[in-house]
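# Structural description and commentary
Here is how the chains run, residue by residue.
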Amino acid sequence: MEQIDSFRHRGMRTRLVQELAGKGISDANVLKAIGKIPRHLFLESSFVNFAYQDKAFPIAAGQTISQPYTVALQSQFLEVKAGDRILEVGTGSGYQAAVLVEMGVKLFSIERQRELYHRSTRLLSQLGYLARFFLGDGYKGLPSFAPFDKIIVTAGAPFIPRDLLTQLKVGGIMIIPLGDAKQVMMKITRLSEDDFEQEQMGECAFVPMLKGIVK
Ligand code: SAH
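Below is a summary of the structure that appears in this document. In this text the structure is predicted, and so the values were computed from the model without any measurement. (Residues numbered from 1 in each chain as written. Predicted model: local features only at pLDDT ≥ 70, side-chain atom pairs only at ≥ 80, totals over all residues. Heavy atoms only, no water.)

## Here's the deal with the packing of aromatic side chains
Note the threshold: The pairing test for Phe, Tyr and Trp rings, Trp by its six-membered ring, is centres within 6.5 Å, and the orientation test on the planes gives stacked under 30 degrees, edge-to-face over 60, and tilted for anything in between. Labels follow the DSSP assignment, with helices taken as runs of H or I lasting at least four residues and strands as runs of E lasting at least two, numbered in each case from the N terminus. Only protein chains enter the accessibility calculation, which uses a 1.4 Å probe; a residue is then buried when its area is under 20% of its type maximum, exposed when over 50%, and partly exposed in between. Two conditions define a charge located above a ring, namely a distance within 6 Å from the ring centre to NZ of Lys or CZ of Arg, and an angle within 35 degrees of the ring normal.
By the definition in use, this model includes six aromatic pairs. Ring geometry for Phe108 against Phe148: centres 5.6 Å apart, planes inclined by 65°, an arrangement best described as edge-to-face. Placement of Phe108 in strand S4 (residues 106-111) and of Phe148 in strand S6 (residues 148-153) is noted, with a sequence separation of 40 residues between them. Across the pair, exposure class does not vary: Phe108 and Phe148 are buried alike. Put simply, the rings of Phe108, Phe134, Phe145 and Phe148 pair up and form one aromatic cluster. The residue whose ring lies beneath Arg39 is Tyr95, and the NZ or CZ to ring-centre distance is 5.4 Å. One Lys or Arg, Lys211, reaches over the ring of Tyr139 and ends 5.0 Å from the middle of that ring.

Below you can see the structure in the form of structure tokens.
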């Protein structure tokens, strides 16, 4: 793997940031984080030349690293503030996690595939991004670390998991792709103990959110 972050990588990254801004990403902190993170280190080495294209790519265990635009959009919908406690479901490559940590949040991230969990935990610690990673089933969330200011689900969920709703603070926001083959990005705001507002934020396509842990 090309471990270094070269002048060439930084140049490609600057162009990616400009492309995302052109596509409507306006949260300056999201753009700044994407401008800093060496995305090429999150891909298999054979895909390094694609790292700064605005495309999703295969990673290990039949999963994908989300398209930069999708990562940026979900991060923007989350209305991230430094210090937020955020739960991510679907660590995958760890790239979305790195973006959130770079934005100054306290991140808790769950992955159900052991291989991805190990790789991402190792990579983020090598890169100096501090977050807590868990091998587990995202449908259950992390009750012992709840409540969270924000929850981001990065796999397509067939329904909104009840456990995740209960782990959201009042005033908190959850961003979740809802549906099967294609999904609608939902923004859920917890208005009170019992009231949740749901907004549709557009179509998207994620790998499915599955049950249980892969040993
Ligand atoms: N956020 C990731 C996107 C990875 S794709 C990134 O930045 O690269 C979605 C990930 O969700 C996959 O790694 C998949 O294994 C994981 N996943 C699917 N269902 C899950 C569940 N129930 N709990 C935790 N992770 C899950």
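## Side note on the site of the ligand
So the rule is basically this: For each residue, the test is whether any non-hydrogen atom lies within 4 Å of the molecule or strand; if one does, the residue is near. Polar contact is the term for a pair of N or O atoms within 3.5 Å; when the atoms are in protein, one must be able to donate a hydrogen and the other to accept it, and sequence-neighboring residues count only if both atoms are side-chain atoms. Shrake-Rupley sampling with a 1.4 Å probe provides the accessible areas, and residues are treated as covered by the protein chains on show and by no other component. In the cavity and pocket records, a cavity denotes points on a 1 Å grid over the protein atoms alone where a 1.4 Å probe fits but cannot get out, a pocket denotes an open set with protein on both sides within 12 Å along at least 5 of 7 lines, and lining residues are residues with an atom within 4 Å of a point. For this analysis, a molecule is said to be in a pocket or cavity if more than half of its atoms are within 2 Å of the grid points defining it.
The environment of the ligand is formed by 26 residues, the closest being Gly90, Ser93, Glu111, Gly138 and Leu210. The separation between a nitrogen atom of the ligand and a polar side-chain atom of Glu88 is 3.0 Å. Here the ligand has 580 Å² of accessible area as a free molecule, and 99% of this is covered by the chains. More than half of the atoms belonging to the ligand lie within 2 Å of the grid points that define the largest pocket. When residues of the shell around the ligand are traced back to their parent elements, those giving at least two are strand S2 (64-65), helix H4 (95-102) and S4.

## Focus: unusual backbone geometry
Cis geometry marks the peptide bond from Ala146 to Pro147; its omega dihedral reads 5°. By the secondary structure assignment, Pro147 is in the loop between strand S5 (132-135) and S6. Despite not being glycine, Ala61 has its phi angle at roughly 60°, a positive value. The residue Ala61 is located in the loop between strand S1 (57-58) and S2 in this model. With a phi close to 50°, Glu79 is a non-glycine residue in the positive phi region. On the secondary structure map, Glu79 appears in the loop between helix H3 (68-77) and strand S3 (85-89).

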